[in-house]
Protein chains: 2
Amino acid sequence: MEKVRLGIAGLGNMGGTHAASILAGNIRRLELTAVCDLDPAKLARYPQLASFASADALISSGRIDAILIATPHYDHTTIGIRALEAGLHVLVEKPISVHKADCERLIAAHRDPRLVFAAMFNQRTDPYYRKLRQLIASGEIGAVRRVNWIITNWFRSEAYYASSAWRATWAGEGGGVLLNQCPHNLDLLQWMFGLPVRVRAFCRFGRYHEIEVEDDVTAYLELAGGASGVFVTTTGEAPGTNRLEIAAENGRIVYEDDRIQYLRNATPASEFSRTTTEAFARPDTVAELITAPDHGGQHNEILQNFTDAILEGAPLIAPAAEGARSVELANAMLLSTWLDQTVELPLDAALYERLLQQRAARSTRQKRVGAPAPVTDFAKSFGR
Amino acid sequence: MEKVRLGIAGLGNMGGTHAASILAGNIRRLELTAVCDLDPAKLARYPQLASFASADALISSGRIDAILIATPHYDHTTIGIRALEAGLHVLVEKPISVHKADCERLIAAHRDPRLVFAAMFNQRTDPYYRKLRQLIASGEIGAVRRVNWIITNWFRSEAYYASSAWRATWAGEGGGVLLNQCPHNLDLLQWMFGLPVRVRAFCRFGRYHEIEVEDDVTAYLELAGGASGVFVTTTGEAPGTNRLEIAAENGRIVYEDDRIQYLRNATPASEFSRTTTEAFARPDTVAELITAPDHGGQHNEILQNFTDAILEGAPLIAPAAEGARSVELANAMLLSTWLDQTVELPLDAALYERLLQQRAARSTRQKRVGAPAPVTDFAKSFGR
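Residues numbered from 1 in each chain as written. Chains lettered and ligands numbered in written order. Predicted model: local features only at pLDDT ≥ 70, side-chain atom pairs only at ≥ 80, totals over all residues. Heavy atoms only, no water.

### Looking at the overall build of chain A
Consideration 1: Helices and strands together make up the secondary structure of chain A, namely 13 helices and 15 strands.
Consideration 2: Against the 2.2 N^0.38 benchmark of 21 Å for 384 residues, chain A shows a C-alpha radius of gyration of 22 Å, consistent with a compact globule.
Consideration 3: Taken along its principal axes, the extent of the C-alpha atoms in chain A is 75 × 50 × 40 Å.
Consideration 4: In chain A, buried positions account for 62% of the 384 residues.
Consideration 5: Across chain A, every contact between residues at least 6 apart in sequence was considered, and the portion connecting residues at least 24 apart equals 70%.
Consideration 6: Put simply, chain A shows about 14,100 Å² of open surface, and 50% of that area lies on carbon and sulfur atoms.
Consideration 7: Across chain A, the 40 positively charged side chains and the 44 negatively charged ones have centroids separated by 1 Å. (Helix = DSSP H or I, 4+ residues; strand = E, 2+ residues; numbered from the N terminus. Rg over C-alpha atoms; globule rule 2.2 N^0.38 Å. Buried < 20%, exposed > 50% of the residue type's maximum accessible area, 1.4 Å probe, protein only. Contact = heavy atoms within 4.5 Å. Areas by Shrake-Rupley, 256 points an atom, 1.4 Å probe, with all protein chains shown as cover. Lys, Arg positive; Asp, Glu negative; His and termini not counted. Charge placed at Lys NZ, Arg CZ, Asp CG, Glu CD.)

### Some remarks on the packing of helix H1 (residues 13-23) of chain B against helix H11 (residues 298-312) of chain B
All names here are of chain B.
Consideration 1: Between H1 and H11, the least distance of the axes is 11 Å, while the angle of their chain directions is 70°. The angle between H1 and H11 places the two elements in the roughly perpendicular class. Residue-level contacts link Met-14, His-18, Ser-21 and Ile-22 of H1 to His-299, Asn-300 and Leu-303 of H11.
Consideration 2: Residue classes in the contact of H1 with H11 are distributed as 3 nonpolar, 4 polar and no charged. (Axes fitted to C-alpha atoms, helices over the stretch in contact; angles between N-to-C directions. Parallel < 35°, antiparallel > 145°, perpendicular 65-115°, else oblique. Nonpolar A, V, L, I, M, F, W, Y, C, P; charged D, E, K, R; others polar.)

### Some words on the sheet that holds strand S9 (residues 214-222) of chain B
Residue and element names in this part refer to chain B.
Consideration 1: Across the sheet, 9 strands lie side by side as S14-S13-S12-S11-S7-S10-S9-S8-S15; this open sheet has mixed pairing. A strand with exactly one partner marks an edge of an open sheet, and here the two such strands are strand S14 (285-290) and strand S15 (343-344).
Consideration 2: Bridge count for strand S7 (residues 144-151) against strand S10 (residues 228-234) is 6 bridges, and the pairing is parallel. Bridge pairing in S10 places Arg-146 opposite Ser-228.
Consideration 3: Packed on one face of the sheet, helix H6 (residues 127-137) meets S7, strand S11 (242-248), strand S12 (251-256), strand S13 (259-265) and S14 and runs near 165° to S12. (Pairing = 2+ DSSP bridges.)

### A closer look at the relation of the copies chain A and chain B
The pair of chain copies shares a relation made of a rotation about an axis and a shift along it.
Consideration 1: Least-squares fitting of chain A to chain B yields an RMSD of 0.0 Å, with the superposition described by an axial translation of 0.0 Å and a rotation of 180°. With respect to symmetry, the two chain copies, as superposed, fit the operation of a two-fold axis.
Consideration 2: In this assembly the copies share their binding face: 100% of the residues contributing to the interface of chain A also contribute to that of chain B. (Least-squares fit on C-alpha atoms with pLDDT ≥ 70 in both.)

### Examining the confidence of the model for chain A
Residues and elements named next belong to chain A.
Consideration 1: Averaged over chain A, the pLDDT score is 95; the fraction of residues at 70 or greater is 95%.
Consideration 2: This model gives residues 371-376 a pLDDT under 50, and the stretch forms 9 contacts once residues within four places in sequence are excluded.
Consideration 3: For this predicted complex, the interface confidence comes out at an ipTM of 0.95, alongside a pTM of 0.95. (pLDDT = per-residue confidence, 0-100.)

### A look at the interface of chain A and chain B
Consideration 1: At the junction of the two partners, chain A supplies 63 residues and chain B supplies 63 residues.
Consideration 2: Carbon and sulfur atoms make up 54% of the surface buried where chain A meets chain B, a total of about 5,200 Å² over both sides.
Consideration 3: Measuring nitrogen to oxygen at the nearest pair gives 2.4 Å for the salt bridge that ties Arg-146 of chain A to Glu-237 of chain B.
Consideration 4: Our count for the contact surface shared by chain A and chain B stands at 20 residue pairs in polar contact (both at pLDDT 80 or more). (Buried area = accessible area lost by both parts, 1.4 Å probe. Salt bridge = Lys/Arg side-chain N within 4 Å of Asp/Glu carboxyl O. Polar contact = N/O pair within 3.5 Å; in protein donor to acceptor, adjacent residues only side chain to side chain.)

### Thoughts on the pattern of salt bridges
Consideration 1: Counted by the stated rule, this structure contains 48 salt bridges over all chains.
Consideration 2: Linking Arg-124 of chain A and Asp-187 of chain A is a salt bridge whose minimum nitrogen-to-oxygen distance equals 2.7 Å. Pair noted here: Arg-124 of chain A is in the loop between strand S6 (117-119) and helix H6 (127-137) and Asp-187 of chain A is in helix H9 (residues 183-193), with a separation of 63 residues, a long-range link. The residues Arg-124 of chain A and Asp-187 of chain A share a single accessibility class, namely buried.
Consideration 3: One salt bridge connects Glu-256 of chain A with Arg-243 of chain A, and the closest N-O pair in it is separated by 3.6 Å. You can see Glu-256 of chain A sitting in strand S12 (residues 251-256) and its partner Arg-243 of chain A sitting in strand S11 (residues 242-248), a full 13 residues away along the chain. Pair check on accessibility: Glu-256 of chain A and Arg-243 of chain A agree, each one buried.
Consideration 4: A single salt-bridge network, built from bridges that share partners, covers Arg-146, Glu-237, Arg-243, Glu-245 and Glu-256 of chain A together with Arg-146, Glu-237, Arg-243, Glu-245 and Glu-256 of chain B.

### What about the side chain of Arg-243 of chain A?
Consideration 1: For Arg-243 of chain A, a relative accessible area of 0% corresponds to the buried category.
Consideration 2: A distance of 2.7 Å separates a polar atom in the side chain of Arg-243 of chain A from a polar atom in the side chain of Glu-245 of chain A.
Consideration 3: Non-local contacts of Arg-243 of chain A, meaning those with residues more than four positions away in its chain, are made with Asn-148, Trp-149, Ile-150, Arg-252, Val-254, Tyr-255 and Glu-256 of chain A together with Ile-150, Thr-241, Arg-243 and Glu-256 of chain B.

### What to know about the nonpolar core
Consideration 1: One finds Leu-178, Phe-231 and Met-333 of chain A to be the most contacted residues of the largest nonpolar core, which totals 61 residues.
Consideration 2: No other element matches the 7 residues that helix H12 (residues 323-339) of chain A contributes to this core.
Consideration 3: One finds Phe-280 of chain A together with Val-98, Leu-132 and Phe-231 of chain B within the second-largest nonpolar core, a separate group that totals 60 residues. (Core = buried A, V, L, I, M, F, W, Y, C linked by side-chain atoms within 4.5 Å.)

### Regarding the sheet that holds strand S10 (residues 228-234) of chain A
Residues and elements named next belong to chain A.
Consideration 1: As summarised here, the arrangement of the 9 strands in space is S14-S13-S12-S11-S7-S10-S9-S8-S15, forming an open sheet in which the pairing is mixed. Looking at which strands have only one partner, the edges of the open sheet turn out to be strand S14 (285-290) and strand S15 (343-344).
Consideration 2: Pairing analysis gives 6 bridges linking S11 to S12, with the strands arranged antiparallel. Bridged to Ala-247 within S12 is Arg-252.

### Considering the pairing of strand S5 (residues 89-92) of chain A
Residue and element names in this part refer to chain A.
Consideration 1: Here S5 shows no split at all, with His-89 and Leu-91 on one side and Val-90 and Val-92 on the other all buried.
Consideration 2: Relative to S5, strand S4 (residues 66-69) is paired through 4 bridges, and the arrangement is parallel. Directly across from Leu-68, in S5, lies its bridge partner Leu-91.
Consideration 3: The sheet contact formed by S5 and S6 spans 3 bridges and is parallel. Paired with Val-92 across the bridge in S6 is Ala-119.
Consideration 4: Note that the unit made of S5, helix H5 (residues 100-108) and S6 has a crossover that is right-handed. (Right-handed = clockwise from strand over helix to strand, strands pointing away.)

### Quick look at helix H4 (residues 74-85) of chain A
All names here are of chain A.
Consideration 1: Here H4 contains 12 residues, and its C-alpha end-to-end distance of 18 Å stays within 8% of the 16 Å for a straight helix at 1.5 Å per residue.
Consideration 2: Among all positions of H4, only His-76, Thr-77, Ile-79, Gly-80, Ile-81, Ala-83 and Leu-84 are buried.
Consideration 3: Each element contacted by the buried residues of H4 is listed here: helix H3 (55-59), S4, S5, H5 and S6.
Consideration 4: One or two positions beyond H4, positive phi appears at Gly-87, with a value near 85°. (Expected span 1.5 Å × (residues − 1).)

### Regarding the packing of H9 of chain A against H12 of chain A
Residue and element names in this part refer to chain A.
Consideration 1: One way to put it is that H9 packs onto H12 with a least axis distance of 8 Å and a crossing angle of 110°. By the angle between their directions, the pair H9 and H12 is classed as roughly perpendicular. Facing H9, whose interface residues are Pro-183, Leu-186, Asp-187, Leu-189 and Gln-190, H12 presents Arg-325, Ser-326, Leu-329, Ala-330 and Met-333.

As structure tokens, this is what we get:
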């Protein structure tokens with residue numbers, strides 16, 4: 001195979017963005033040959049491509065080697081399973097599924113090791129997060145003691161939520177900011193620090209918008225290894241913040257505003273504490289500033305990596321199976337709020353699915369759906 | 001009365017610092033005439049002053065009009081009550097008492113309105129915190145939505161904790177970082193935002209030091225008016241952080257590193273959210289930078305204000321009765337941890353006192369007390 005023939009399922013904001021980039025020739029050896037969407041008007045935008053009214057038709061068309069799933073979230077699971085069973089390579093948008101049990105079903109369908117199964121965690125291509133991960137994994141900063149991530153620059157207007165009936169409903173989207181905007185951040189969190197062992201979260205539902213799902217979250221985390229953590233997110237704040245602070249034995253790291261500041265201790269904190277004879281002294285520090293020229297290849301790099309994995313066996317940046325972790329973490333935050341108690345991980349997947357289905361079934365909120373909002377500035381939506 | 005004759009009870013780090021400043025003539029019309037301490041060696045440092053081996057003797061000496069209480073925490077209550085009942089003006093170090101019930105007893109002893117009863121909340125004199133308070137109280141920043149205060153620059157060594165047997169024990173000090181270092185921050189928090197209505201805290205006991213009390217705290221707060229909050233503190237981190245972020249309708253404020261950054265929204269966030277037709281737009285912002293020449297008069301300003309209040313009726317910067325709030329907040333964080341649940345305010349004072357006494361009674365930890373640590377750098381201990 002010299003080229004990968006790709007079909008895109010779902011031509012909303014993300015599917016349309018990926019289609020445009022591939023058609024512009026940004027991805028070597030990846031050819032967009034077919035699309036599917038429920039909306040004929042969206043299909044009509046791609047007269048040069050084979051188009052289908054359903055994912056099933058696309059999957060069985062014989063026109064594609066691989067599928068990119070960019071539908072509403074629940075369909076990631078059903079379409080993903082069908083595509084894998086049909087022998088297609090699969091790249092799934094985040095979140096890979098809405099809840100842990102669906103993640104397990106989806107991942108279990110990946111039985112053929114020759115099939116590449118990847119997830120769109122494009123922020124893993126960002127040199128800043130790569131550097132942070134390397135500082136932690138290499139032991140450079142020593143044991144991590146505390147993490148505080150304020151990621152509140154996901155502002156969304158009422159017009160955004162009104163743009164589609166499925167958005168921000170339990171039945172249609174399966175969650176709010178944790179399922180739509182934060183999968184990236186939750187993935188990076190587990191990618192850098194591992195999955196927390198315990199979560200106590202305080203989600204608020206429709207705090208800032210006329211929606212039934214969460215649009216504001218504060219979570220306390222206990223990480224493997226004993227570190228404590230705070231994760232705060234919302235779609236209701238302007239201007240919002242993206243600041244990640246890591247307190248570790250060998251110093252303190254702050255990532256914010258396109259720079260990583262590292263205050264390195266001359267002596268590790270706990271060793272200094274044990275050995276100094278002074279009551280009020282603290283270790284000397286040296287300041288280091290780490291920057292990068294840009295934020296990496298992002299979506300295009302994941303598309304290229306997916307293509308290279310199919311054609312040459314390149315290692316995946318984001319195997320889909322790893323996408324289950326950010327879903328489990330998002331689920332844990334919601335479950336902790338619903339139960340009003342601390343939740344241990346691994347999460348009880350069946351319990352979560354049952355409670356989510358109850359909410360989907362009894363949803364009585366009539367969502368006010370207006371005219372589709374313009375998406376000309378969708379590129380601005382990719383918060384870092 | 002032309003001058004106030006002051007006695008200091010307790011000549012430890014704080015009492016000694018105040019004595020030196022008053023003897024240096026820094027406080028107009030305040031004369032240090034007497035001191036008391038259990039340790040004769042400390043009394044011997046002040047041969048020019050009347051000295052007493054007990055607070056009772058100092059209080060009944062007739063040599064003083066006012067007393068500054070800088071003893072270990074539990075004694076603030078007992079000495080304060082005796083001094084007020086003896087007709088003395090009282091300035092009490094923070095915390096005013098160890099727990100809410102003691103605060104109530106102490107404040108109830110202030111029956112004579114002619115007596116000035118103040119607390120040493122010197123950080124209320126800091127122009128930065130005054131400016132923050134004014135930005136909130138004036139309505140300039142609009143409704144507060146979220147607060148995140150990381151105040152982890154209270155690093156203390158093992159030598160600090162080993163310097164006195166009473167330190168960092170339930171029986172001797174009644175708590176750790178929340179009772180010793182953080183009363184300032186908890187007071188500023190309630191001074192700016194009001195007392196929270198609900199607290200869920202995660203204290204760790206002896207996480208970083210060989211002590212039985214808390215030296216690491218992460219607390220989730222629900223503020224009056226609906227804002228959410230996070231408060232994080234520890235004595236175990238180096239270099240540590242002091243960063244206060246306030247997300248409000250009219251923009252975002254960050255106080256850190258001797259500057260207040262205000263990103264002001266051109267349109268309030270919720271109004272923008274409701275009225276824009278765009279899905280991914282956000283309000284324009286204007287950046288303002290607020291600085292101050294210094295951090296105010298601090299301890300000396302409180303001492304001067306106390307003196308002026310006695311002589312001229314000047315309004316107090318920090319009436320002692322307001323000191324009950326930071327104690328209640330500290331107690332709530334410990335109680336939430338002990339009960340492993342959310343605690344509503346007002347706090348159940350009797351329950352807290354009972355649980356604290358249980359811990360004091362069953363304390364089995366043998367504290368390793370070494371030689372007194374040098375205090376030559378005590379001035380460095382006043383974190384901001």
